[in-house]
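# Examination of the molecular architecture
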Amino acid sequence: MGRGKFKSKPTGRRQFSTPEDLLAGTSNRPRTFRQKEVEHEEEESKEVSGDESGEESEEETTKKKGTQGIIEIENPNLVKPKSVKARDVDVGKTTELSRREREELEKQRAHERYMRLQEQGKTEQARKDLERLALIRQQRAEAAKKREEEKAAKEQKKAEARK
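This section reports on the structure supplied with the text. (Residues numbered from 1 in each chain as written. Predicted model: local features only at pLDDT ≥ 70, side-chain atom pairs only at ≥ 80, totals over all residues. Heavy atoms only, no water.)

Along its length, the protein carries five helices and zero strands. Ordering the α and β elements of the protein from the N terminus gives α-α-α-α-α. For the protein, the proportion of its 163 residues judged to be buried stands at 4%. Accessible surface, the protein as shown: approximately 17500 Å² in total, 51% of it carbon and sulfur. (Helix = DSSP H or I, 4+ residues; strand = E, 2+ residues; numbered from the N terminus. Buried < 20%, exposed > 50% of the residue type's maximum accessible area, 1.4 Å probe, protein only. Areas by Shrake-Rupley, 256 points an atom, 1.4 Å probe, with all protein chains shown as cover.)

Written out as structure tokens, the structure reads:
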């Protein structure tokens, strides 16, 4: 029979072993825990017996974060940090560029070359621009000349009107 708004979950119940179960060996404690405990005791006894072997085992076992120590995985996408020492670095060695980086460099070089040709007036677009610019300059010169003539004509008309 349900009680209240929330349902009870089976994971919420805890079962404790009684002292009689522990003595009889029929407790609900997982077997793997006992195995780990036995292994841990064996490691402690080895460390106490040999001081030299203990130093080697410390170097081999490194602390891992989170679940890394529990689950051993071989992830091909996992990027492992590469630590390169200063003495191992080859200064003369050129690193190969990725395809995207190579294409980006080629694109920049082509653009620079095009801009140089553009400045020199050797490209098709530059020729058209120069022709258009010459035509505009000519039109502006003609318009300025026409304004000068009109101004001169206006002044002359004014001068005749005063007389």
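On to helix 4 (residues 99–120). Every α-helical turn comprises 3.6 residues, leaving residues that sit three or four positions apart pointing alike. Its 22 residues give helix 4 an end-to-end C-alpha distance of 32 Å, which sits within 8% of 32 Å, the value for a rise of 1.5 Å per residue. Looking one or two residues past helix 4, Gly121 carries a phi angle of roughly 80°, positive in sign. (Expected span 1.5 Å × (residues − 1).)

Once that is clear, we can look at the pattern of salt bridges. Where charged atoms of side chains with opposite charge meet at close range, the side chains can pair. Under the defined criterion, the tally for this structure stands at three salt bridges. Glu103 is the salt-bridge partner of Arg99, the closest N and O atoms lying 3.3 Å from each other. With Arg99 and Glu103 both in helix 4 and four residues apart, this pair spans about one turn of that helix. The exposure class assigned to Arg99 is partly exposed, which follows from its relative accessible area of 49%. The exposure class assigned to Glu103 is partly exposed, which follows from its relative accessible area of 43%. Glu124 is the salt-bridge partner of Arg127, the closest N and O atoms lying 3.8 Å from each other. Remark: Glu124 and Arg127 occur in helix 5 (residues 124–162); sequence separation between them is three residues, near one turn of the helix. You can call Arg127 partly exposed: its relative accessible area is 43%. (Salt bridge = Lys/Arg side-chain N within 4 Å of Asp/Glu carboxyl O.)

As for its position among the elements, Thr123 is in the loop between helix 4 and helix 5. Exposure remark for Thr123: the relative accessible area of 8% places this residue in the buried category. Within polar-contact distance, the side chain of Thr123 engages the side chain of Gln118 at 2.7 Å. Discounting chain neighbours no more than four positions away, the residues touching Thr123 are Tyr114, Leu117 and Gln118. (Polar contact = N/O pair within 3.5 Å; in protein donor to acceptor, adjacent residues only side chain to side chain. Contact = heavy atoms within 4.5 Å.)

Now for the environment of Asp129. Relative to the elements of secondary structure, Asp129 occurs in helix 5. Measuring from C-alpha to C-alpha, the distance between Asp129 and Gln118 comes to 9.9 Å, with 11 residues separating the pair along the chain.

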